[in-house]
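# Structural overview for review
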Amino acid sequence: MFKCSIDSLDKIFAEISKNATVYLPVDNDDGKAVYTKWENGVKWSNELNTVKSLKDFFFPQVENLMEFKVEGKNIEIKDIRTESEDFVVFGVRACDVRSFDILDRVFLVEPCDSYYANRREHGVIISVACTRPSETCFCNTFGIDATSPNGDITVWKTEDALYWNANTEKGKALLDKLNLDECDDSAVNEQKAKTAEIMKRLPLASLTTENFGGGKTDELFNRPEWKTLSESCLGCGTCTFVCPTCQCYDIKEFNNGNGVIRFRCWDSCMYSDFTKMAHGNNRLSQVERFRQRFMHKLVYYPENNEGIFGCVGCGRCLAKCPISMNIVKVMKTIGGND
Amino acid sequence: MQKISRDILVEKAISMLENGDVCSVLGWRKGEFDYDITPAVFTDKDDIKNNFVWNDFCGANFSKYLVQKTRKAEGKILVFLKPCDTYSFNQLLTEHRFDREKVYAIGIPCEGMVDINKIKEITGDGISSIDCGDKITVNTIYGDKFDIDATNVLSERCINCKSKKHVAYDELIGDEGEVLESNRFDEVTKLEQMTPDERFAFWQNELSKCIRCNACRDICPACTCEKCVFDNPKSGVENKAAANSFEEKMFHIIRAFHVAGRCTDCGECSRVCPQHIPLHLLNRKFIKDIDGFYGEYQAGDEVGSRAPLVNYTTEDIEAADIFEGRDN
Ligand code: SF4
Ligand code: SF4
Ligand code: SF4
Ligand code: SF4
């Protein structure tokens, strides 16, 4: 474990910036944290987490995939992929770090998504342990330890110091370059114990996944509560857009007069034309669309991924849904664990 | 802070259900915390007893839900309407969007709704309880207690409330209020005083935050098209995400034009925006201009009124005058 003073953080960012772009949560003009490029004078936000998740870096909302040039009967396909820059993201919370275990299982399995893989290879994630969780946090429901997040490097912040520990080869290589002072882990252990106590007091601390998981489709699919739960859902998809693990996208083409650009953009199971096919749409009502989002995270995903749930308990959908409907209310109602 | 107690509304709802006057009730359902209420359809009296709430977090406007809910309803639906909600209600009726016969509307007075984001700016994260009395009392899991004056955390639209009067109802509970003189155009005037470049930069900055969830459109009582052009693959302008800064602005400007003269300034769009974009400023600019060009007009004030933009008169301002910046 290594240690530095909080005041030296800018020097460290400057050092890392020599070889890679550094991004970190920074307050925007309305005081909300947004991942922003570090430059001299840019200050790390005190907010617990960013409004939008880190997913956007690796899987952006809109992205061009390839171009076609059409001349007469000839179609030329242009590969527009470029090597990603090297970048380091600092200040990522435990929940958001875990979201990459979920996304990787979608994008990095064969056939591997080269766009996503490219950014994963070039990105280093530096996480930071939580000390003041929100009432909307329930990462512990999914076995995530907010006091000791994963990531290439983990950082703990105390009053005046930062403690660093590398977890991967990539992280070790970066940390070695920073020449920080070695130290023992007593301060970190003390913080972990304190935060663990707070985690137990969170209002959602007792939420469990016991009634969900693979094999539960038949039992849960036709539950009558889906109707009441989805009754006032607007189908806006805010929940899917702020979610660090929602991964669905649509591929479309755009003719700019000079050729055709094929691009993808995020899609949402909450939308009326989601997975619409030649025969029509397979989810005609909002109840079905709403159910899809939660069944995917709580049943289908774990069924196909050794029991890992597709939610990390970040609480963004709790904070952002215009009608305050969310995965916790679904779990308590459908799973009956109040 | 609300003067009407929840119990009166609960009693009313239960008795109407029991007497068979209505088959369902649109109301606010208790959440996981004290502030996250959900608009809900109640059909069971125990459910109402246990879960119906009426407090300073009941901002949700039910008028638009009537479009869908009345279609399926076997009997009448009881709906509770705050003063601002009644304007949306009338506007929807003007546009023939729901069957008035299927609704029993109860007007309830409103003292203003608070904004949880403003509360959290004071208290920080970790809220364990909120009590809406004379003061808003917030406790946190960190052992802190805050007594907040509700007027300091009112939502923007309630600070600038345009009317405490109900313009539509079958029955009124509590006292009727008045149309208010509000300062709702002050911010618009500030924008007008900017140079075009400053104004462009202002909107560019705000609209670049948009994630195109369309929550603003989906909640808007003036946006009730069965299929929005922006969702329709056949329209040629379907737009799931903004590809560039032009598209970021296009959606909002088109939407503002489409609701111009029909927007009641209910404030729902700004309330629900996850990115806190001040969408109301765009709509209020249109309202202010319409007032200036064609004489004062409040959408939803009465059922059946002809909005200035669809009502030609020979006194109408000439396009050239508008272009030159002259008011009528
Ligand atoms: S659950 Fe909430 S955020 Fe998600 S689509 Fe429905 S209304 Fe929008
Ligand atoms: S479903 Fe909600 S709580 Fe779970 S990861 Fe997504 S946004 Fe976070
Ligand atoms: S609600 Fe906000 S973020 Fe969503 S589309 Fe509207 S302006 Fe954009
Ligand atoms: S545009 Fe906004 S303020 Fe106007 S009616 Fe729609 S939701 Fe209400």
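Residues numbered from 1 in each chain as written. Chains lettered and ligands numbered in written order. Predicted model: local features only at pLDDT ≥ 70, side-chain atom pairs only at ≥ 80, totals over all residues. Heavy atoms only, no water.

### Topic: the overall build of chain B
The helix and strand inventory of chain B stands at 13 helices and nine strands. Taking 2.2 N^0.38 as the reference for a compact globule, 328 residues should give roughly 20 Å; the C-alpha atoms of chain B span a radius of gyration of 21 Å, in line with that estimate. Summarising its shape, the C-alpha atoms of chain B cover approximately 60 × 50 × 45 Å along the three principal directions. Counting only residues that meet the buried cut, chain B has 55% of its 328 residues in that class. Sequence-distant contacts, at least 24 apart, represent 67% of the contacts inside chain B between residues at least 6 apart. Distance from the positive charge centre (42 side chains) to the negative charge centre (57 side chains) of chain B: 5 Å. (Helix = DSSP H or I, 4+ residues; strand = E, 2+ residues; numbered from the N terminus. Rg over C-alpha atoms; globule rule 2.2 N^0.38 Å. Buried < 20%, exposed > 50% of the residue type's maximum accessible area, 1.4 Å probe, protein only. Contact = heavy atoms within 4.5 Å. Lys, Arg positive; Asp, Glu negative; His and termini not counted. Charge placed at Lys NZ, Arg CZ, Asp CG, Glu CD.)

### Here we look at the overall build of chain A
Along its length, chain A carries 12 helices and 12 strands. Taking 338 residues into account, the globule formula puts the C-alpha radius of gyration at 20 Å, and chain A, at 22 Å, falls close to it. Reported as C-alpha extents along the three principal axes, the dimensions of chain A are approximately 65 × 60 × 40 Å. Within chain A, the fraction of its 338 residues that count as buried is 56%. Long-range contacts, defined here as pairs at least 24 residues apart, represent 71% of the contacts in chain A between residues at least 6 apart. When the accessible surface of chain A is summed, it comes to about 15400 Å², and 48% of that surface belongs to carbon and sulfur atoms. (Areas by Shrake-Rupley, 256 points an atom, 1.4 Å probe, with all protein chains shown as cover.)

### Describing the interface of chain B and chain A
Contact with chain B, which involves 40 residues of that partner, is made by 45 residues of chain A. For the pair chain B and chain A, the summed buried surface comes to about 3600 Å²; carbon and sulfur atoms form 51% of the total. Viewed at the interface, chain A and chain B are joined by 10 salt bridges. Taking the shortest distance from any N to any O, the salt bridge between A:Glu231 and B:Lys69 comes out at 3.1 Å. Where chain B packs against chain A, one counts 24 residue pairs in polar contact (both at pLDDT 80 or more). For the side of chain B that touches chain A, the secondary structure elements donating two or more residues are strand 2 (38–42), helix 3 (65–72), helix 5 (116–123), helix 9 (215–219) and helix 11 (268–272) of chain B. (Buried area = accessible area lost by both parts, 1.4 Å probe. Salt bridge = Lys/Arg side-chain N within 4 Å of Asp/Glu carboxyl O. Polar contact = N/O pair within 3.5 Å; in protein donor to acceptor, adjacent residues only side chain to side chain.)

### Topic: the site of ligand 2
With respect to spatial proximity, the complete set of residues near ligand 2 consists of A:Phe138, A:Cys243, A:Pro244, A:Arg293, A:Lys297, A:Cys311, A:Val312, A:Gly313, A:Cys314, A:Gly315, A:Arg316 and A:Cys317. Class assignment for the residues of the shell around ligand 2 results in seven nonpolar, two polar and three charged. (Near = heavy atom within 4 Å. Nonpolar A, V, L, I, M, F, W, Y, C, P; charged D, E, K, R; others polar.)

### Side note on the sheet that holds strand 8 (residues 145–149) of chain B
Residue and element names in this part refer to chain B. With antiparallel pairing, the three strands of this open sheet are ordered in space as 6-7-8. For this open sheet the edge positions go to strand 6 (127–132) and strand 8, each flanked by a neighbour on one side alone. The average undirected angle you get between the axes of adjacent strands in this sheet is 20 degrees. Here strand 7 (residues 135–140) pairs with strand 8 via five bridges, running antiparallel. When the bridges of strand 8 are listed, Asn139 appears paired with Lys145. (Pairing = 2+ DSSP bridges. Axes fitted to C-alpha atoms, helices over the stretch in contact; angles between N-to-C directions.)

### Some thoughts on the site of ligand 4
Residues and elements named next belong to chain B. Near ligand 4, the surroundings consist of Cys220, Pro221, Arg255, Val259, Cys263, Thr264, Asp265, Cys266, Gly267, Glu268, Cys269 and Asn283. Counting only elements with at least two residues in the shell around ligand 4, the list comes to helix 10 (245–259) and helix 11. Within the shell around ligand 4, the residues separate by chemical class into six nonpolar, three polar and three charged.

### Observations concerning a nonpolar patch on the surface
The grouping of B:Tyr294, B:Leu309, B:Val310 and B:Ile322 at the surface amounts to a nonpolar patch, some 330 Å² of accessible area in total. Within the secondary structure, B:Ile322 is located in helix 13 (residues 319–323). (Patch = residues over 30% accessible without salt bridge, like charges linked within 9 Å, V, L, I, M, F, W, Y side chains within 5 Å.)

### Quick look at the pattern of salt bridges
This structure, assessed with the given rule, holds 52 salt bridges over all chains. In this structure, B:Lys190 engages B:Glu187 in a salt bridge whose closest nitrogen and oxygen atoms are separated by 3.0 Å. Of this pair, B:Lys190 and B:Glu187 both sit in helix 7 (residues 186–193), separated by three residues, roughly a single helical turn. Two residues, B:Arg217 and B:Asp218, come together in a salt bridge whose shortest N-O distance is 3.0 Å. Relative accessible area serves as the criterion here: at 8%, B:Arg217 is assigned to the buried category. According to the relative accessible area criterion, B:Asp218 is buried, its value standing at 13%. Residues joined in a network through salt bridges with shared partners are A:Asp250, A:Lys252, A:Asp267, A:Asp273, B:Glu238 and B:Lys240.

### A look at the sheet that holds strand 9 (residues 161–166) of chain A
Residue and element names in this part refer to chain A. Pairing within the open sheet is mixed, and its eight strands lie in the order 3-2-6-7-8-9-1-10. The open sheet has two free edges, formed respectively by strand 3 (33–37) and strand 10 (181–182), since each of these has just one partner strand. Strand direction decides the pairing type here: strand 2 (residues 21–27) and strand 6 (residues 87–92), joined by three bridges, are parallel. Pairing of Val22 across the sheet is with Val88, part of strand 6. Each of strand 1 (2–5), strand 6, strand 7 (123–128), strand 8 (153–157) and strand 9 touches helix 5 (residues 169–178); the most contacted strand, strand 9, lies at about 135 degrees to it.

### Re the domain arrangement of chain A
Residues and elements named next belong to chain A. In terms of domain boundaries, chain A breaks down into domain 1 (2–52 + 82–200) and domain 2 (217–334). Taken together, the contact pairs 24 residues of domain 1 with 25 residues of domain 2. Of the roughly 2000 Å² buried at the junction of domain 1 and domain 2 (both faces included), carbon and sulfur atoms supply 64%. Area buried by domain 1 at its contact with domain 2 is led by Ile102, Arg105 and Phe142, which between them contribute 31% of it. Linking Asp96 and Arg316 is a salt bridge whose minimum nitrogen-to-oxygen distance equals 2.7 Å. Scanning the region where domain 1 abuts domain 2 turns up nine residue pairs in polar contact (both at pLDDT 80 or more). For the side of domain 1 that touches domain 2, the elements supplying multiple residues, two or more each, are helix 3 (94–107) and helix 4 (114–122). Considering only residue class, the side of domain 1 that touches domain 2 consists of 13 nonpolar, five polar and six charged. (Domains from an automatic or database assignment.)

### Observations concerning the environment of B:Val103
Residues and elements named next belong to chain B. For Val103, the position within the fold is in strand 5 (residues 103–107). Given a relative accessible area of 0%, Val103 falls into the buried group. When the C-alpha positions of Val103 and Thr70 are compared, they lie 7.6 Å apart, and in sequence the two are 33 residues distant. Residues contacting Val103, with those up to four places away along its chain left out, are Leu66, Thr70, Lys76, Ile77, Val79, Phe89, Phe98 and Asp170.

### Comments concerning the packing of aromatic side chains
Counted under the stated rule, the structure contains 34 aromatic pairs over all chains. Judged by centre distance (6.5 Å) and plane angle (50 degrees), the rings of B:Phe62 and B:Tyr65 are tilted. A residue is classified by how much of its surface remains accessible, and B:Phe62, at 0% relative accessible area, is buried. Ring geometry for B:Phe257 against B:Phe286: centres 4.9 Å apart, planes inclined by 80 degrees, an arrangement best described as edge-to-face. With a gap of 29 residues between them, B:Phe257 in helix 10 and B:Phe286 in helix 12 (residues 279–294) connect regions that are remote in the sequence. Members of the aromatic cluster, each reached through a chain of ring pairs, are A:Phe59, A:Phe107, A:Tyr116, A:Phe241, A:Tyr249, A:Trp266 and A:Tyr271. It is A:Arg291 that lies over the ring of A:Phe221; its NZ or CZ is 3.6 Å from the centre. (Phe/Tyr/Trp six-rings, centres within 6.5 Å; stacked < 30°, edge-to-face > 60°. Lys NZ or Arg CZ within 6 Å of the ring centre and 35° of its normal.)

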